[in-house]
Amino acid sequence: MAKGDVYQLEYHESIDEDTGARVTRLTPPNVICHRNYFYQKCFLDEGRSLIFAAEFDGFRNYYLLELASGKATQLTQGAGDNTFGGFLSPDEQYLYYVKGERALMRVTLQDLSEETVYQVADEWVGYGTWVANSACTKLVGVEIHRDSWRPVSDWTVFQQFYEENPLCRVIRIDLQTGERTTLLQENQWLGHPIYRPDDDNTVAFCHEGPLDRVETRMWLMNEDGSHIRRVKLPAPGESYTHEFWVPDGSAMMYVTYVKDSPVRYLCRVDPDTGVDEKIVAMPPCSHVMSNDNGQLAVGDGSGKPIDIVDNDKYGDATDPYLYLFDLKHQQTHKIAKHSSSWAVLDGDRQVTHPHPSFTPDEKQVLFSSETLFSALFNDK
């Protein structure tokens, strides 16, 4: 199949038996489909369309779905798309993604023309989620030296890779010129660089790896690579993960686990003052994403943490639900079952993760479930 081909999707609606929410499955159950990473822009036209990934022709490529009609237009083709890290530009004219761990690509949505914005040097590999600043004039990403690289295909390899101290660098790419600037390079598994919204001089990144082995996960630095500082030190027995910026830039939020307790917490830290607080105790959710002003959040129930070496005494129950957190009023609402297995599928650790987030009108939640790519329609 080729770019520009159109697939007619047949939606399937159901009512969640526990909550009464109406769930719409957007993609067929016999094809691997998923959404992009939960803090990357995926909706356009005020929520009338969205991008997603699907293996309709044997390769996992990007598609643009017009929700009203169910028509999905193929945007990319061939092997090697990083289908989690891609994102739409704020003006909704372009899709950016990394191809074959080698090239940062820009697709013009109007005519599907494609160009290489930046080419990874031969001795390096483009890794993970690359994130643009608010104006989408530049982005930050991570490259790993080719001699240190191997695919992190499951959670055993995840732990081994961390122990090998791969040579990594956080980079900045000018999206107009393709110029690369190295902000930080060290023998430390680096990941998840994210510009603070509307503040180009603040970049968050993490020390990646098993949460109970990494001393300090969350870090900040200036855009030129200076003033590298910890966001917080974990308390004894505490591990934390899946940090993200509140879209209005007011705070960074993250999920924390506490040894000897099944309870997890959604936390918030002020990057200017360093004030750190637990916002709400919650069911065992893994990924959480807020609305624009950080007063609402949605999370995906999971099970025993799999990214911790010693994951005993964190609770054994598996939670199959999506949750809405009203942070202003300190209320938690069960939305519906996502029923994802969280299993590694075909060597992919991410494809079964729900990765929920709000639609632009904040009345619906988009998520992935097992091989089902779904949207949940539910008034808050």
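Right above here is the structure, for reference.
Owing to the predicted nature of the structure, the values given are computational and were not obtained by experimental measurement. Each residue is numbered by its place in its chain's sequence as written, counting from 1. Confidence filtering applies because this is a predicted model: local features only for residues at pLDDT of at least 70, side-chain atom pairs given and counted only at 80 or more, and all residues used for totals across whole chains, interfaces and linings. The basis for every side-chain value is the complete set of non-hydrogen atoms in the structure, without hydrogens or water.

**Section: the overall build of the protein chain**
No. 1: Runs of E in the DSSP output that reach at least two residues are strands. Runs of H or I that reach at least four are helices, and both are numbered from the N terminus. Within the protein chain, the regular secondary structure consists of 1 helix and 31 strands.
No. 2: Radius of gyration: over C-alpha atoms. The globule rule applied is 2.2 Å multiplied by the number of residues raised to the 0.38 power. The C-alpha radius of gyration of the protein chain comes to 20 Å, within 12% of the 21 Å expected for a compact globule of 380 residues.
No. 3: To sort residues, take the accessible area from a 1.4 Å probe on protein chains only and compare it with the maximum for the residue type: under 20% means buried, over 50% means exposed, and anything in between is partly exposed. Out of the 380 residues belonging to the protein chain, those deemed buried represent 58%.
No. 4: Across the protein chain, the fraction of contacts at a sequence separation of at least 24, relative to all contacts at a separation of at least 6, is 49%.
No. 5: Averaging the positions of the 35 positive and the 58 negative side-chain charges in the protein chain gives two centres separated by 2 Å. Any two residues having at least one pair of non-hydrogen atoms within 4.5 Å are treated as being in contact. Only four residue types enter the charge count, namely Lys and Arg as positive and Asp and Glu as negative; His and the chain termini do not. Charge coordinates come from a single atom per side chain, which is NZ of Lys, CZ of Arg, CG of Asp or CD of Glu.

**Things to note about the packing of aromatic side chains**
No. 1: For Phe, Tyr and Trp, rings pair up if their centres lie within 6.5 Å, where Trp contributes its six-membered ring, and each pair is then called stacked (planes under 30 degrees apart), edge-to-face (over 60) or tilted (otherwise). Considering all chains together, one arrives at 22 aromatic pairs under this definition.
No. 2: Residues Phe38 and Tyr39 carry aromatic rings whose centres are separated by 5.2 Å and whose planes lie at 65° to one another, so their mutual orientation is edge-to-face. In this structure, Phe38 and Tyr39 share a single accessibility class: buried.
No. 3: A centroid spacing of 6.3 Å and a plane angle of 55° characterise the contact between Tyr127 and Trp189, whose relative ring orientation is tilted. In this pair, Tyr127 is assigned in strand E13 (residues 124-132) and Trp189 in the loop between strand E16 (180-187) and strand E17 (190-196), connecting sequence segments 62 residues apart. Grouping residues by exposure puts Tyr127 and Trp189 together as buried.
No. 4: Ring-pair connections join several aromatic residues into one group, and the members of that group are Tyr127, Trp149, Trp155, Phe158, Phe161 and Trp189.
No. 5: A cation over an aromatic ring shows up here: Arg106 above the ring of Tyr94, its NZ or CZ 5.7 Å from the ring centre. Criterion for a charge above a ring: Arg CZ or Lys NZ at most 6 Å from the ring centre, at most 35 degrees from the ring normal.

**Focus: the nonpolar core**
No. 1: By nonpolar core is meant a set of buried Ala, Val, Leu, Ile, Met, Phe, Trp, Tyr and Cys residues that side-chain atoms within 4.5 Å join together. Counting 36 residues, the largest nonpolar core has Tyr39, Leu266, Val288, Phe325 and Leu327 as its most contacted members.
No. 2: For this core, the secondary-structure elements that each account for two or more residues are strand E19 (218-222), strand E21 (238-245), strand E22 (252-258), strand E23 (264-269), strand E24 (276-282), strand E25 (285-290) and strand E27 (321-326).
No. 3: In terms of residues, this core owes the most to one element, E22, which gives 5 residues.
No. 4: Not counting the four nearest positions on each side in its chain, Leu266 is found in contact with Met253, Tyr254, Lys278, Ile279, Val280, Met282, Val288, Ala297 and Leu327.
No. 5: Listed in part, the 29 residues of the second largest apolar core include Tyr7, Ile51, Leu75 and Tyr97.

**Thoughts on the pairing of strand E26 (residues 296-301)**
No. 1: Counting buried residues in E26 gives 6 out of 6 residues, a clear majority hidden from the surface.
No. 2: Of the two faces of E26, the one carrying Leu296, Val298 and Asp300 and the one carrying Ala297, Gly299 and Gly301 are both buried.
No. 3: In this sheet, E26 lies alongside E25 in antiparallel orientation, the contact comprising 4 bridges. Within E26, the position partnered with Ser290 by the bridge is Ala297.
No. 4: Paired strands, in this sense, are two strands between which DSSP finds at least two bridges. Counted along the chain from E25 to the antiparallel partner E26, the turn is 5 residues long, and its residue Gly294 has a positive phi close to 75°.
No. 5: Note that E26 and E27 share 5 bridges and pair antiparallel. In the strand pairing of E27, Gly299 is matched with Tyr323.

**So, the layout of surface pockets**
No. 1: Residues are said to line a cavity or pocket when one of their atoms sits within 4 Å of a point; the points come from a 1 Å grid over protein atoms alone, cavities being sets where a 1.4 Å probe fits but cannot get out and pockets being open sets with protein on both sides within 12 Å along at least five of seven lines. Grid points are joined across faces, edges and corners, and a volume is the space filled by probe spheres set on the points. Here the second largest pocket is characterised by a volume of approximately 930 Å³.
No. 2: Around the second largest pocket, the lining comprises 36 residues; the ones closest to its centre are Tyr39, Gln40, Lys41, Pro247 and Met289.
No. 3: Only strand E5 (43-44), strand E9 (87-88), E13, E17, E21, E25 and strand E29 (357-358) provide two or more residues apiece to the lining of the second largest pocket.
No. 4: Its residues assigned to classes, the lining of the second largest pocket comprises 20 nonpolar, 8 polar and 8 charged. Residue type decides the class: Asp, Glu, Lys and Arg count as charged, Ala, Val, Leu, Ile, Met, Phe, Trp, Tyr, Cys and Pro as nonpolar, and the leftover types, Gly among them, as polar.

**Details of the environment of Arg146**
No. 1: Within the secondary structure layout, Arg146 lies in the loop between strand E14 (138-145) and helix H1 (155-163).
No. 2: Given the relative accessible area of 37%, Arg146 is considered partly exposed.
No. 3: Those residues in contact with Arg146 that sit more than four places away from it in its chain are Arg102, Asp122, Glu123, Trp124 and Val125.

**Digging into H1**
No. 1: Those residues of H1 not exposed but buried are Trp155, Val157, Phe158, Phe161 and Tyr162. With its buried residues spanning 150° around the axis, H1 presents them on a single face.
No. 2: Buried residues in H1 make contact with E14.
No. 3: Its side-chain oxygen placed 3.0 Å from the backbone nitrogen of Thr156, Asp154 serves as the N-cap of H1.
No. 4: Following H1 by one or two positions, Asn165 adopts a phi angle in the positive range, close to 50°. Directions from the helix axis toward the C-beta atoms define the arc. Distance and chemistry together define a polar contact, namely a pair of N or O atoms within 3.5 Å, with one atom able to donate a hydrogen and the other to accept it when in protein, and with adjacent residues in sequence counting only for side-chain atoms on both sides.

**Quick look at unusual backbone geometry**
No. 1: A positive phi is found at Cys136, a non-glycine position, where the angle reads about 60°.
No. 2: Looking at where Cys136 falls in the secondary structure, it is placed in the loop between E13 and E14.
No. 3: Look at Cys136 and you get buried, because its relative accessible area is 8%.
No. 4: For His192, which is not glycine, the phi torsion reads 50° and is therefore positive.
No. 5: With respect to the element layout, His192 can be found in strand E17.

**Side note on the side chain of His207**
No. 1: Looking at the element boundaries, His207 is found in strand E18 (residues 199-207).
No. 2: Looking at His207, the relative accessible area reads 13%, which means it is buried.
No. 3: Side-chain polar atoms of His207 contact the side chain of Trp219, separated by 3.4 Å.
No. 4: Sequence-distant contacts of His207, that is, excluding residues within four places in its chain, are made with Glu186, Gln188, Trp189, Leu190, Val214, Thr216, Arg217 and Trp219.

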